[in-house]
Every structure is written in C-alpha cells, then in structure tokens.
Amino acid sequence: MGIKVNLDLLLLKRSMTLTELSESVGLTLANLSILKTGKARAVRFSTLEALCRALDCQPGELLEFVDDKPERKSRG
Amino acid sequence: MAKAVKIYLDVTWWLILVGTGAVLLGFLLVAGADTTDADPIEGVGFPIVLGFRLDESVVPALPETAEIRGTLQQGHGQLIIRTTSKSAVFVILGLIELLLVVSLFVLRDLRALFREVVQGRPFVEYNARRIRRVGFFIVGWSLAGPLLNYLAAFPILREVEVHGLILRPPTNLNIELLFSGLAILVLAEIFRQASAMQRDQSLTI
C-alpha cells in the first residue's frame, strides 16, 4: 500500500492513546487498528474529518504517500 | 425455508454417503470374487440410452383420419441390459462409485455454502470458488454424460438387432444442463466480484 497512515506519530505528539481516540471519534478499536496497520482500503471523508478534529491536524499530516514499488528501469 | 433446504441437503448427503459405501462394498466384493467372465457372477442391470430410426419397410402408417398427417420416423429410449460379466460389472460399479464420490464433493461444497449464507456471510471469496466448482461439475457432466452414453451404446448396438428398428448410439446433448452449468459459472463470477466489493466495504473506515 502506497498510502501510510501516521496515526502512531500523531498519537505520540498529542500524548493520546488509541482508546482515547476511539472514544473521541466514535470508531471501534478494531477499525482504528485496521487504519493504523495499513490494512484499510479506503477512508471516508467523515472519518478523516473526525480524526483531524480529534488530533487537531490536517489530512496531509495524517496521510503520507510512500512509493514502495521499485522504480522502472529506463530504456536505453 | 432455510431449514427445509438444510434438511434436504443433509438428507441427500447422508443418502449418497450410504450409497457410496454400499457401491464401494459391492465393488470390493466383485474385485475379490474368485470368478471369471466364463464363470459369471450375479447379474447387474444397467441402462443403455439409444436412439432409433424406424425401418421404412415396417413403419406403421398413420390412419387417414388422423388429425396429424405424416409418418412415424424415429424415437429414443433405453435398453436395460442385465450383465453377468465380471469385467462389465466391475466397470459399471466403478463408474457409479466415481459419480457418487464427485457428487459428495459437490454436496459438501453446497452444504458449506449454505451454512455461510445462513450465518450472513454470502459474499466471501471461498463461496465464489465453491459455486465455480459446482458450475464446472455441471458443465463437465453435461458434456461427459452424452459422451459416456455414446461410448457405452456403441459396442453393444453392434451385437443387438431389433426387427423394424435401426438402432444408433445417442447423439443428443443435454442443452438444459449445459446452460444451467454456464449460468452457475456466471453466478460464481458475480459472487467473486461481490466478495471483492464486500472486502473493500469491510476495510473502508
């Protein structure tokens, strides 16, 4: 997956636990865990908004693009 | 409704399981029997499906007053042959056993599929695989059945003569069964895509 969710980092910066975040945004721990471990296929705007509000951050701080595919060799 | 289907599947499963055991026992008894084709065992009847054309010299004409005017030409049916040849009985029991075992595998898939559906998990990848296997079985059977009928009838018809009938091996394909199998394969593909969508849905936070 090329999109990394920096939930751990933001939780650490905000000195917040996953349980506190779960209560704050109304998501289950299981769903937050899916998000944290990078298994999620998609994130709803409403979830993103709730997470940004709870963590006081921008979507760009929460999500990061990581190019994990090897670069194509150029021809010639 | 779900309960009735479950009972139906369970009863069919147990009947076929018992039948498989009985045929296997018969197969082993025949295999172990100290007999040869010249020293016959107890006979086993089996049907040979065939087609026939009426011999034009003996075709009964339809009466002049008949509402449908025309001539009788052809028909199809089956010969029931009771054989006492050990090798024939051996092959017949072997084929029946093979069909029963394959049926057990298909029924196992259907029962597992139904269990998942009842538990509220219809759209999962392995259900799509189960449906695909059932579809392939039905398509395979719709093609192999007529071929087996043809091959079984061919050598026997060389030795059988019926006055007034010109016998021939059957060449009719079971189109309904073939289409059912193809429809199930299409359904399997729908299930596969639905299971992928279900997975996406469950991993959307």
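Residue positions are given per chain, counting from 1 as you read along its sequence in written order. Chains carry letters and ligands carry numbers; both start at the beginning, A for chains and 1 for ligands, and go up in the order they are written. Given that this is a predicted model, residues contribute local features only at a pLDDT of at least 70 and side-chain atom pairs are listed and counted only at 80 or more, while totals for whole chains, interfaces and linings are drawn from all residues. As a convention, hydrogens and water are excluded, and side-chain values are obtained from all of the structure's heavy atoms.

**Structural notes on the interface of chain A and chain B**
Bring the parts together and some accessible area is lost; that lost area is often taken as the interface size.
So, point 1. With eleven residues of chain A in contact, the opposing surface of chain B contributes six residues.
So, point 2. Both sides together, the interface formed by chain A and chain B hides about 810 Å², and carbon and sulfur atoms give 53% of it.
So, point 3. For this analysis, a salt bridge means a side-chain nitrogen from Lys or Arg found within 4 Å of a carboxyl oxygen belonging to Asp or Glu. Inspection of the chain A/chain B interface yields one salt bridge.
So, point 4. Pairs of N or O atoms are called polar contacts if they sit within 3.5 Å, as long as, within protein, a hydrogen donor faces a hydrogen acceptor (for residues adjacent in sequence, only side-chain-to-side-chain pairs). Summed over the shared surface of chain A and chain B, the result is five residue pairs in polar contact (both at pLDDT 80 or more).
So, point 5. Helical segments are the DSSP runs of H or I of at least four residues, strand segments are the runs of E of at least two, and each set is numbered from the N terminus. Ranked by residue count, the leading element in the side of chain A that touches chain B is helix α3 (residues 29–36) of chain A, at three residues.
So, point 6. For the side of chain A that touches chain B, the residue count by class is six nonpolar, two polar and three charged. Here, two residues are considered to be in contact whenever any of their heavy atoms come within 4.5 Å of each other. Once two parts are put together, the accessible area they lose, assessed with a 1.4 Å probe and summed over both, is termed the buried area. For this classification, the nonpolar set comprises Ala, Val, Leu, Ile, Met, Phe, Trp, Tyr, Cys and Pro, the charged set comprises Asp, Glu, Lys and Arg, and every other residue, Gly included, is treated as polar.

**Quick notes on the packing of aromatic side chains**
Geometry of an aromatic ring pair is reported as the spacing of the ring centres plus the angle between the planes.
Residue and element names in this part refer to chain B.
So, point 1. Classification of ring pairs rests on two measures: the distance between centres of Phe, Tyr or Trp rings, Trp counted by its six-membered ring, which must be within 6.5 Å, and the angle between planes, read as stacked under 30 degrees, edge-to-face over 60 and tilted in between. Summed over all chains, the structure comprises one aromatic pair over all chains.
So, point 2. Seen from their ring centres, Phe123 and Phe191 are 5.2 Å apart, and the 50° between their planes marks the pair as tilted. With Phe123 in the loop between α2 (86–118) and α3 (125–157) and Phe191 in helix α4 (residues 175–202), the pair connects residues that are 68 residues apart, well separated along the chain.
So, point 3. According to the relative accessible area criterion, Phe191 is buried, its value standing at 16%. For each residue, the accessible area found with a 1.4 Å probe, counting protein chains only, is set against the maximum for its type, and the residue is called buried under 20%, exposed over 50%, and partly exposed in between.

**Comments concerning the nonpolar core**
So, point 1. The biggest cluster of nonpolar side chains holds 20 residues, and the ones touching the most others in it are A:Leu7, A:Leu21, A:Leu32, A:Leu35, A:Leu51, A:Leu55 and A:Leu62.
So, point 2. Mapped onto this core, the elements with two or more residues apiece are α1 (7–13), α2 (18–25), α3 and α4 (45–55) of chain A.
So, point 3. For A:Leu35, the residues in contact, after removing those within four places along its chain, are A:Val5, A:Ala40, A:Val43, A:Leu51 and B:Ile205.
So, point 4. The set of buried Ala, Val, Leu, Ile, Met, Phe, Trp, Tyr and Cys residues whose side-chain atoms join them within 4.5 Å is what this entry labels a nonpolar core. Grouped together as the second largest cluster of nonpolar side chains are eleven residues, B:Leu9, B:Ile16, B:Leu100 and B:Phe114 included.

**Description of a nonpolar patch on the surface**
Residues and elements named next belong to chain B.
So, point 1. Each patch groups residues whose relative accessible area exceeds 30% and which form no salt bridge, using 9 Å between like charges and 5 Å between nonpolar side chains of Val, Leu, Ile, Met, Phe, Trp and Tyr. Per-residue and other accessible areas follow the Shrake-Rupley method at a 1.4 Å probe size, with only the shown protein chains counted as cover for residues. The grouping of Val91, Leu95, Leu98, Leu99, Val102, Trp141 and Leu148 at the surface amounts to a nonpolar patch, some 560 Å² of accessible area in total.
So, point 2. Only α2 and α3 provide two or more residues apiece to the nonpolar patch.
So, point 3. For the nonpolar patch, the element with the most residues is α2, which contributes five residues.
So, point 4. Mapped onto the elements of the fold, Leu95 is located in helix α2.

**Focus on unusual backbone geometry**
Residue and element names in this part refer to chain A.
So, point 1. Here Ser15, not a glycine, exhibits a phi torsion of approximately 50°, which is positive.
So, point 2. According to the relative accessible area criterion, Ser15 is exposed, its value standing at 64%.
So, point 3. For Asp56, which is not a glycine, the phi torsion comes out positive at approximately 50°.
So, point 4. For Asp56, a relative accessible area of 61% translates into the label exposed.

**Things to note about the pattern of salt bridges**
So, point 1. Taken as a whole and judged by the stated rule, the model has nine salt bridges over all chains.
So, point 2. Within the structure, one salt-bridge network assembled from shared partners comprises B:Lys6, B:Asp10 and B:Arg111.

**Considerations on the layout of surface pockets**
Residues and elements named next belong to chain B.
So, point 1. A 1.4 Å probe that fits into a set of points on a 1 Å grid over the protein atoms alone but cannot get out defines a cavity; an open set with protein on both sides within 12 Å along at least five of seven lines defines a pocket, and lining residues are those with an atom within 4 Å of a point. Grid points are joined across faces, edges and corners, and a volume is the space filled by probe spheres set on the points. Considered as a void within the structure, the largest pocket measures approximately 860 Å³ in volume.
So, point 2. For the largest pocket, the lining is made up of 32 residues, of which Pro47, Leu95, Leu148, Asn149 and Ala152 are closest to its centre.
So, point 3. When residues of the lining of the largest pocket are traced back to their parent elements, those giving at least two are β1 (44–54), α2 and α3.
So, point 4. Residue classes in the lining of the largest pocket are distributed as 24 nonpolar, eight polar and no charged.

**A closer look at the side chain of B:Asn127**
Residues and elements named next belong to chain B.
So, point 1. With respect to the secondary-structure elements, Asn127 resides in helix α3.
So, point 2. The class of Asn127 is buried, set by a relative accessible area of 0%.
So, point 3. Those residues in contact with Asn127 that sit more than four places away from it in its chain are Leu113, Glu116, Arg121, Pro122 and Phe191.

**Focus on the environment of A:Cys52**
Residue and element names in this part refer to chain A.
So, point 1. Relative to the helices and strands, Cys52 resides in helix α4.
So, point 2. Spatially, the C-alpha atoms of Cys52 and Leu62 are 7.8 Å apart, while their sequence positions differ by ten residues.
So, point 3. Dropping the residues within four chain positions of it, Cys52 is found in contact with Cys57, Gln58 and Pro59.

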